[in-house]
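# Architecture at a glance
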Amino acid sequence: MSSSRRRDMTSQPLYQWSKRMRYTTFGRSTGLRVSQYALGTGNFGTGWGAGAERDEAKQIFERFVEAGGNFIDTADVYQFGQSEELVGEFVHADRDDFVLATKFTMGAEPGGGLSRTGNGRKNLRTSVEASLKRLDSDYVDVLWVHYPDALTPIEELLRGVDDLVSQGKILHAAFSNFPAWRVSRAVALADIAGWEPVAGIQVEYSLVERSADRELLPMAEALGLGVTLWSPLGGGLLTGKYRSSEEGRLSDLKMLVHTESTDQKTAVVDAVISIAEGVGRTPAQVATAWVNERSRRLATSSVPIIGPRNVAQLDDYLGALDLELTQEQFDDLTKVSAISLGVPHEANAVSLDGVQGGLAAQIDGPIVPVA
């Protein structure tokens, strides 16, 4: 879709959402300008046996662009390469207008074997070359290391990434699903060696999955990493739809799904539905609005990744852009979904007043957390 075509389409108020996206930079160490949402394209294609056919995927893509979205997130493993191929087709006419992110580690082929999986230099090189071909692009804006492989030395990975940046095949590198200690070590090593800095992290985050509050989000704030938050609806649980049906990711993909397996998760879904009924919005919009507000309150840039399977789901996400929760609503959702931070965080919180001379309530700390 050409730039002029996008301008024509954005001038037409055809849809129920009204607010176009805002923009930010991808973390404090890059000038890469990204939209308020990233479009996750794991549903582009049907290679996994479930997903969106080409025409519907294109409608989702075009609607996202109409709303001001420019950040597209894919991976070689998504739909066994079909996602990258469709994304490449859709962005081709205006490639440089988009921030295109893809991932490597798992490989595009089912059962890829020893040489076509993992984070070693060999698979890094061949995976990026294959992704560029599927994406029909000379470069990707962000290359995510999809998972740690528990084998590759971080020095090898960082040097391999640095080489790809020097070759112009990737612009930035970031880490997905890595624990905080691995990321922070990578950040330090890259800084010491003068290699390409680690630009950001990607992690699951929602009202039913807040583990990142313990280490990952505080680390990202302190180090200025860009953050992308995937599965803001908890795999569909927070829409409330699984209370009346199993249709959706629970029945189709049967992975990356939460269920009401604990009393707390049930209480969270109850709270989301109650607020939704009170404000005349859908539970999906309320749950996404909470993630949006949580993102705004971080001391680094944070972008939720939305992964609609159809246009109706996308419109629900877009509807959350102009839903502003009251402070009471935000606090209620935050409280009901809170997790135990555990050791050492809870003991440190108790000790904080003492280590600040008994005057913690009177001290204005730094806006950016101390690393």
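Below is a short write-up of the structure.

Here V343 and P344 are connected by a cis peptide whose omega angle stands at 0°. Inspection of the secondary structure assignment puts P344 in the loop between α11 (327-336) and α12 (345-355). Notably, Q79 is not glycine yet its phi reads approximately 55°, a positive angle. Within the secondary structure layout, Q79 lies in the loop between β4 (71-73) and α3 (82-91). What makes Q79 buried here is its relative accessible area of 0%. Although it is not a glycine, T105 sits at a positive phi angle of roughly 150°. In this fold, T105 is placed in the loop between β5 (99-104) and α4 (121-135).

Bringing the packing of helix α2 (residues 54-66) against helix α10 (residues 311-319) into the picture now. Running from N to C, α2 and α10 cross one another at 20°; their axes reach a closest spacing of 9 Å. As summarised for this structure, α2 and α10 are arranged roughly parallel, according to the angle between their axes. Here α2 runs over α10; the crossing is right-handed. In this structure, α2 contributes E56, Q59, I60, R63 and F64 to the contact, and α10 contributes V311, L314, D315 and L318. Along the lines of polarity and charge, the residues of the contact of α2 with α10 split into five nonpolar, one polar and three charged.

The next thing to look at is the nonpolar core. Ranked by size, the top nonpolar core spans 81 residues in total, and within it Y37, F44, F61, F175 and L333 carry the most contacts. Those residues in contact with F175 that lie beyond four places of it in its chain are W144, V145, I154, L157, L158, V183, A186, V198, G200, I201 and Q202.

What the eight strands build is a closed barrel, ordered β3-β4-β5-β6-β7-β8-β9-β10; its pairing is parallel. Neighbour to neighbour, the strand axes of the sheet diverge by 25° on average, direction disregarded. Across two bridges, strand β3 (residues 38-40) lies against strand β10 (residues 302-306) in parallel orientation. By the bridge assignment for β10, L39 is matched with I306. The strands that α2 touches are β3, β4 and β10; relative to β3, the one it contacts most, it runs at about 170°. In the packing of helix α7 (residues 216-223) onto the sheet, the strands contacted are β8 (198-204) and β9 (226-230), and the crossing angle to β8 comes to about 160°.

Here the focus is the pairing of β5. Summarising burial for β5: six of the six residues are buried, a large majority. Residues V99, A101 and K103 line one face of β5 and the alternating positions L100, T102 and F104 line the opposite face, and both faces are buried. By the bridge criterion, three bridges tie β4 to β5 in an arrangement that is parallel. By the bridge assignment for β5, D73 is matched with A101. Where β5 meets strand β6 (residues 140-145), four bridges bridge the pair, whose relative direction is parallel. Paired with F104 across the strands is V145, a residue of β6. Once you follow β5 into α4 and on to β6, the crossover reads as right-handed.

The rules behind each value
- Residues numbered from 1 in each chain as written.
- Predicted model: local features only at pLDDT ≥ 70, side-chain atom pairs only at ≥ 80, totals over all residues.
- Heavy atoms only, no water.
- Helix = DSSP H or I, 4+ residues; strand = E, 2+ residues; numbered from the N terminus.
- Buried < 20%, exposed > 50% of the residue type's maximum accessible area, 1.4 Å probe, protein only.
- Axes fitted to C-alpha atoms, helices over the stretch in contact; angles between N-to-C directions.
- Parallel < 35°, antiparallel > 145°, perpendicular 65-115°, else oblique.
- Left-handed = near helix turned anticlockwise from the far one by under 90°.
- Contact = heavy atoms within 4.5 Å.
- Nonpolar A, V, L, I, M, F, W, Y, C, P; charged D, E, K, R; others polar.
- Core = buried A, V, L, I, M, F, W, Y, C linked by side-chain atoms within 4.5 Å.
- Pairing = 2+ DSSP bridges.
- Right-handed = clockwise from strand over helix to strand, strands pointing away.

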